[in-house]
Amino acid sequence: MTKPKILITGANGQIGQVLSVQLAKKYGKEQILRTDLAQNDDGLLPYKSLDVLDKSRMAQIVEQHQITQIYHLAALLSASGEKNIHKTWDINFNGLVHVLDVAKEFSVDRVFFPSSIAVYGSGFNKSFTAQNDFRNPSTMYGITKVAGESWGNYYWMKYGLDVRSIRYPGIIGYQSLPGGGTTDYAVDIFHEALKSEKYTCFLESATRLPMIYMDDAIRATIELMEASTENISVRTSYNLQGLSFTPAELAEEIRKHRPNFTIEYHPDFRQEIAAQWPEIMDDQLARNDWSWKPAFDLSEMTKDMILNLSKKYNKDYVEPN
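Residues numbered from 1 in each chain as written. Predicted model: local features only at pLDDT ≥ 70, side-chain atom pairs only at ≥ 80, totals over all residues. Heavy atoms only, no water.

J.: Which residues make up the nonpolar core, and what values go with them?
T.: Ranked by internal contacts, the top residues of the largest apolar core, which has 38 residues, are Ile172, Tyr185, Phe190, Phe245, Leu250 and Met301. Among the elements of the structure, α6 (185-195), β8 (198-201), β9 (209-213), β11 (243-245), α8 (247-255), α9 (269-274) and α11 (298-312) are those that each provide at least two residues to this core. Considering every element that reaches this core, the biggest residue donor is α6, with seven residues. Each residue touching Ile172, except ones within four places of it in the same chain, is listed here: Ala186, Val187, Phe190, Met211, Ile212, Tyr213, Met214, Phe245, Met301 and Met305. By size, the runner-up hydrophobic cluster in this structure holds 33 residues, among which are Leu45, Ile171, Ile222 and Trp290. (Core = buried A, V, L, I, M, F, W, Y, C linked by side-chain atoms within 4.5 Å. Buried < 20%, exposed > 50% of the residue type's maximum accessible area, 1.4 Å probe, protein only. Helix = DSSP H or I, 4+ residues; strand = E, 2+ residues; numbered from the N terminus. Contact = heavy atoms within 4.5 Å.)

J.: How would you explain the packing of helix α4 (residues 85-105) against helix α5 (residues 140-159) if you had to name every residue and give the values?
T.: For any two helices packed against each other, one specifies the crossing angle of their axes together with the interaxial distance. For the pair α4 and α5, interaxial distance at closest approach is 9 Å and the crossing angle is 15 degrees. Between α4 and α5, the crossing angle belongs to the class labelled roughly parallel. Classified by chirality, the crossing of α5 by α4 is right-handed. Of the residues in α5, those in contact with Ile85, Thr88, Trp89, Asn92, Phe93, Leu96, Val97, Leu100, Asp101 and Lys104 of α4 are Met140, Tyr141, Ile143, Thr144, Ala147, Gly148, Trp151, Gly152, Tyr155 and Tyr159. Residues belonging to the contact of α4 with α5 are distributed by class as follows: 13 nonpolar, five polar and two charged. (Axes fitted to C-alpha atoms, helices over the stretch in contact; angles between N-to-C directions. Parallel < 35°, antiparallel > 145°, perpendicular 65-115°, else oblique. Left-handed = near helix turned anticlockwise from the far one by under 90°. Nonpolar A, V, L, I, M, F, W, Y, C, P; charged D, E, K, R; others polar.)

J.: I'd like to hear about the sheet that holds strand β5 (residues 110-116), residue by residue, with values.
T.: The parallel open sheet is built from seven strands, whose spatial order is β3-β2-β1-β4-β5-β6-β10. Taken across any chain shown, the strands that pair with only one partner, and hence form the sheet edges, are β3 (47-49) and β10 (238-239). With three bridges joining them, strand β2 (residues 32-36) and β3 adopt parallel strand pairing. Bridge pairing in β3 links Asp36 to Ser49. Contacting β1 (6-9), β2, β3 and β4 (69-72), helix α2 (residues 55-64) runs over the sheet at an angle of about 160 degrees to β3. (Pairing = 2+ DSSP bridges.)

J.: Describe the pattern of salt bridges, naming the residues involved and giving the relevant values.
T.: Evaluation of the coordinates by the stated rule reveals 16 salt bridges. In this structure, Glu149 and Arg167 form a salt bridge, with 2.9 Å as the shortest nitrogen-oxygen distance. Of the two residues, Glu149 is situated in helix α5 and Arg167 in strand β6 (residues 162-168); the sequence distance between them amounts to 18 residues. Residue class for Glu149 comes out buried when judged on its relative accessible area of 2%. (Salt bridge = Lys/Arg side-chain N within 4 Å of Asp/Glu carboxyl O.)

J.: Please give an account of the pairing of β6 that cites residues and values.
T.: Successive residues of a regular strand alternate their side chains across the two faces of the sheet. Counting buried residues in β6 gives seven out of seven residues, a clear majority hidden from the surface. The alternating pattern of β6 places Asp162, Arg164, Ile166 and Tyr168 on one face and Val163, Ser165 and Arg167 on the opposite face, and all of these are buried. Here β5 runs beside β6; their pairing, made up of seven bridges, is parallel. Bridging across to β6, Pro114 finds its partner in Ile166. Handedness of the β-α-β unit built from β5, α5 and β6 comes out right-handed. One ladder, built from two bridges, connects β6 with β10; its direction is parallel. Across the sheet, residue Arg167 finds its bridge partner in β10, namely Asn239. (Right-handed = clockwise from strand over helix to strand, strands pointing away.)

J.: Residues and numbers for the packing of aromatic side chains, please.
T.: The geometry of an aromatic ring pair is captured by two quantities: the separation of the ring centres and the angle between the planes. Throughout the structure, instances matching the rule amount to 14 aromatic pairs. Here the aromatic rings of Tyr154 and Tyr159 are separated by 6.3 Å at their centres, their planes lie at 85 degrees, and the arrangement is edge-to-face. By relative accessible area, which is 37% here, Tyr154 ends up partly exposed. On the basis of an interplanar angle of 85 degrees and a centroid distance of 5.6 Å, the ring pair of Tyr238 and Trp290 is categorised as edge-to-face. Of this pair, Tyr238 sits in strand β10 while Trp290 sits in helix α10 (residues 284-290), and the two are 52 residues apart along the sequence. For Trp290, a relative accessible area of 7% gives the class buried. One aromatic cluster is present, built from ring pairs that chain together Trp89, Phe93, Trp151, Tyr154, Tyr155 and Tyr159. Across the ring face of Phe202, the terminal group of Arg270 is positioned such that the distance to the ring centre comes to 3.6 Å. (Phe/Tyr/Trp six-rings, centres within 6.5 Å; stacked < 30°, edge-to-face > 60°. Lys NZ or Arg CZ within 6 Å of the ring centre and 35° of its normal.)

J.: So what's going on with α8? Which residues, and what values?
T.: Think of an α-helix as 3.6 residues a turn; residues three or four steps apart then line up on the same face. Every buried residue belonging to α8 is among Pro247, Leu250, Ala251, Glu253 and Ile254, and all of these are buried. For α8, the buried positions fall inside an angular range of 160 degrees around the axis, keeping them on one side. Tucked inside the fold, the buried residues of α8 contact α6, β8, β11, β12 (262-265) and α11. (Arc of directions from axis to C-beta.)

J.: So what's going on with the side chain of Ser237? Residues and values would help.
T.: Checked against the element boundaries, Ser237 lands in the loop between α7 (214-226) and β10. There is a polar contact of 2.7 Å between the side chain of Ser237 and the side chain of Ser165. Once residues within four sequence positions are removed from consideration, Ser237 is found in contact with Ser115, Gln131, Glu149, Ser165, Ile166 and Arg167. (Polar contact = N/O pair within 3.5 Å; in protein donor to acceptor, adjacent residues only side chain to side chain.)

In structure tokens form, the structure reads like this:
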């Protein structure tokens, strides 16, 4: 099988940084072209500056480098997106439209588009959210994702463009910092646990949300893109479930490693956003269609986060009792 030539937009973001490395390990760094707004990059992998709203430059890059797959990650996230809703629509939706148009024009084999649990807003089953549960987003970020899911499905039906998507839960990883999402607390809390052993949470203690460890999220993404076309039954976006917990439950797990860790709760506007989101996602279709299965539970995820961040902050790692 010929190796894909992969373009990644938003490659400097939380997912993009880790996904780029894993794709390079799998296919070779010469097969990966990272893009983002920055003019310069670290030089570790091939890189070009690209604004996803510049359709002509995007087309030039895709044609010049004979791109066969696009991972379109460039977006403004939920909390950041509420501060400038028009910019969020422009980047998140119009940027996707540009990607799909260019992919169609140059016969790109496959496109990955990340959706989110933010597509849900009210009128659905929060305790176990089904694949086709009612989607009524309460944020501009969620609105752009619902529209993007429909747009991708349309290009598949109308033009046969192979667009694939995952509704990501909150993503937790030590490799990069989050970029303005409502689930960011679940990453920030680990950094503060190692730096100061205290954290002020912007969500209420009992706010349960679906999450996924970065390693699982990246593996799921690549597995979906490698699945046979005939196995893909969802052309909007697949529900994906890793684990679900509350800030209080996460804090208790962290205390097993850092006994002096303390947490306070001062909810802000992000609490209202989180209150509209699922608690657990029904991802049976992902499990059936491309054999998805998470590897990390709350205990294993916490252990791996603290182990790796202990190295970053030059702290001793002690196994929990």
